[in-house]
Amino acid sequence: MTPPAPFPIHAYLIRDGSTPVLAVLPFWQSYGHLAIEITYALDAARSAGADLWLVQPPEGAANTALYNLKLGDISATKVYGPPGGYDWLKRLKSLGARPWSGCNPRTQLDVTNPGPYFFRKLLAGLEPLRFPDDLEETALSELEGMGVERGRPWVAVHARAEKPNSPLGTIRNIDIATYGLAIEWLQAQGYFIIRTGDPDSPPVGGPSVLDLAHHANRTALSEVYAVRGARMFLGCHSGPWAIAALCGVPSVISNVSDPFAPYPLHGTSRYLLRPAAYRGGRQLSPVEQLEGGYLKAILDPGYWRMTENPYALMQGANTPEEILAAVQEVMTGIANPPNANRGQVRWRQVAEQAAAHWSPMLPYVRKWAGSDGGWLGNGALAACQAEGL
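Trainee: Before we move on, could you go through the overall build of the protein and cite the residues and values that matter?
Mentor: In terms of regular secondary structure, the protein is built from 14 helices and 14 strands. Of all 389 residues assigned to the protein, the portion counted as buried reaches 54%.

Trainee: Give a description of the sheet that holds strand β7 (residues 192–196) that names residues and reports values.
Mentor: Pairing is parallel in the open sheet, where 7 strands are placed in the order β8-β7-β6-β9-β10-β11-β14. The open sheet is flanked by β8 (209–211) and β14 (380–381), the only strands paired with a single partner. Along the sheet, helix α11 (residues 320–335) contacts β9 (232–235), β10 (251–256) and β11 (270–273); its crossing angle with β10, the most-contacted strand, is approximately 155°.

Trainee: Quick rundown of the sheet that holds strand β5 (residues 98–99)? Include the residues and the values.
Mentor: An order of β4-β3-β2-β1-β5 is seen for the 5 strands of this open sheet, with the pairing classed as mixed. Because the sheet does not close on itself, it has two edges, and the strands there are β4 (77–80) and β5. Direction of pairing for strand β1 (residues 10–14) relative to strand β2 (residues 21–25): antiparallel, over a ladder of 5 bridges. What sits directly across from A11, in β2, is V24.

Trainee: Outline the packing of helix α5 (residues 133–145) against helix α7 (residues 220–228), supporting the account with residue identities and numerical values.
Mentor: Here α5 crosses α7 at 95°, and the two axes come no closer than 9 Å. Comparing the axis directions of α5 and α7 gives the class roughly perpendicular. Counting all contacts with α5, which are made through L135, E136, T138, A139, L140, E142 and L143, the residues of α7 involved are L221, S222, Y225, A226 and R228. In terms of residue class, the contact of α5 with α7 is made up of 7 nonpolar, 2 polar and 3 charged.

Trainee: Outline the nonpolar core, listing residues and values.
Mentor: Counting residues in hydrophobic clusters, the biggest one holds 101 residues, and the most contacted among them are L22, Y40, F118, W154, I194, F260 and W347. No other element matches the 10 residues that helix α1 (residues 31–48) contributes to this core. Apart from the residues lying within four places of it in its own chain, the contact partners of F260 are R120, L290, L295, A351, A354, A355, V365, A369 and L376. With 23 residues, the next largest nonpolar core counts A159, I183, Y191 and V209 among its residues.

Trainee: Would you mind going over the pairing of strand β6 (residues 154–158) in detail, with residue names and values included?
Mentor: Among the 5 residues that make up β6, 5 are buried, leaving the element largely enclosed by the rest of the structure. Pairing geometry for β6 and β7, over 5 bridges, is parallel. Considered in β7, the bridge of H158 is made with T196. For β6 and β9, the ladder comprises 3 bridges, and the chain directions are parallel. Along β9, the bridge assignment pairs V155 with M232.

Trainee: Account for the environment of L22, with residues named and values stated.
Mentor: Of note, L22 is situated in strand β2. Taking the C-alpha atoms as reference points, L22 and A76, 54 residues apart in sequence, are found 9.7 Å from one another.

Trainee: Tell me what's going on with α7, and back it up with residues and numbers.
Mentor: With respect to burial, α7 is a largely interior element, 8 of its 9 residues being buried. Taken residue by residue, α7 has L221, S222, E223, V224, Y225, A226, V227 and R228 as its buried positions.

Trainee: With reference to specific residues and values, describe the packing of aromatic side chains.
Mentor: This model, assessed by the stated rule, comprises 9 aromatic pairs. Relative to W368, the ring of Y117 lies with its centre 5.5 Å away and its plane at 75°, an arrangement referred to as edge-to-face. Residue Y117 is found in the loop between α3 (106–109) and α4 (120–125), and its partner W368 is found in helix α13 (residues 363–369); the two are separated by 251 residues along the sequence. Each member of the pair Y117 and W368 is classed as buried. With a centroid separation of 6.5 Å and an interplanar angle of 45°, the aromatic rings of Y364 and W368 are classed as tilted. Separated by 4 residues within a single helix, Y364 and W368 lie in helix α13, roughly one turn from each other. Judged by relative accessible area, W368 falls into the buried class, the value being 7%. Within the aromatic cluster, the residues linked to one another by ring pairs are Y40, Y117, F118, F119, W241, Y364 and W368. Stacked on the ring of Y117, the Lys or Arg K367 has its end atom at 5.2 Å from the ring centre.

Trainee: Tell me about the pattern of salt bridges, and name the residues and values.
Mentor: Counted by the stated rule, this structure contains 13 salt bridges. Between R228 and E136 there is a salt bridge; the shortest N-O distance is 2.8 Å. Note that R228 is positioned in helix α7 and E136 in helix α5, a separation of 92 residues in sequence. Judged on exposure class, the residue R228 and its partner E136 are both buried. Put simply, R150 and E137 hold a salt bridge, and the shortest N to O gap is 3.0 Å. Taken together, the positions of R150 in the loop between α5 and β6 and E137 in helix α5 put the pair 13 residues apart, joining distant regions of the chain.

Calculation criteria
- Residues numbered from 1 in each chain as written.
- Predicted model: local features only at pLDDT ≥ 70, side-chain atom pairs only at ≥ 80, totals over all residues.
- Heavy atoms only, no water.
- Helix = DSSP H or I, 4+ residues; strand = E, 2+ residues; numbered from the N terminus.
- Buried < 20%, exposed > 50% of the residue type's maximum accessible area, 1.4 Å probe, protein only.
- Pairing = 2+ DSSP bridges.
- Contact = heavy atoms within 4.5 Å.
- Axes fitted to C-alpha atoms, helices over the stretch in contact; angles between N-to-C directions.
- Parallel < 35°, antiparallel > 145°, perpendicular 65-115°, else oblique.
- Nonpolar A, V, L, I, M, F, W, Y, C, P; charged D, E, K, R; others polar.
- Core = buried A, V, L, I, M, F, W, Y, C linked by side-chain atoms within 4.5 Å.
- Phe/Tyr/Trp six-rings, centres within 6.5 Å; stacked < 30°, edge-to-face > 60°.
- Lys NZ or Arg CZ within 6 Å of the ring centre and 35° of its normal.
- Salt bridge = Lys/Arg side-chain N within 4 Å of Asp/Glu carboxyl O.

This is how it looks when you write it as structure tokens:
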């Protein structure tokens, strides 16, 4: 069967028996990439009419529960490979494995000149990922044991904390205190709040809040299910953003420096651009954040850090009021299909034109927005930022 796209994964086909087996090694070290490539593997197995093996290293995977996700009726068998590297391929060859023609791993491995990686139309058209029923119940029981009331809807929130030696510096970090107004409003609507994140992030407390990031009983399964089972996800451009998108969870992605990669795939989701100014202090308009100088400055960490770089940026943050407005817009849209305003329609048009223009020239743009001629998604820029465009 011809696949809908050349999947950017390492995949080998084994024909030994009545049903072929597709063996895939997703990139296990990055939370978001692991989720994306497992999604590709599940859809690839369906396209190939094959059973699926997901090769998981014995340690070091960003989240081991992700290997249990299913796409429709397609699930995977976990196969434990050797730690580090790709020595598992030698073992597969002994089983008669051959590279699968439906994949193109160059886009996964070539960081200097990647091809398209994030197949936006493909991912937007897939059914939401979920866990098998028994694991869904296990995950819900785990959250219940940590204080989440069964039957009460929750909203998952995530704020990327400082990460030492991160090549992205501070451009994706966010102060979770800026979620305060939105959290208070959500609680007033009856929602429980589950905070996900790293244990080294600042703690969050209060009534009807589970700080899963710091809870002693946190598991890999409960961490993913906190997002998958949420009524809405409030976060930033960090790994859980991909989980929410792939699981079809309506989302607000705040403080976005990159206007392309986290553009919402689904119509009920919105994102907020992080305010930015050039070193001289002049504020950039949203449309200026689609221009080459800004994109080179923000998407190339080395270029961004250069002190003599005239495009070096000062990053601001979305206000609590902006985040609240975006959350209210999304929650309203869950109940009533949203209608984009004129500014949101205009933003999508200029953003898609910019994605098509810059993809051939900027590898990062090509990786995240180069698969579909510039098409970015069915979501929109939050109305509070799109007004006046």
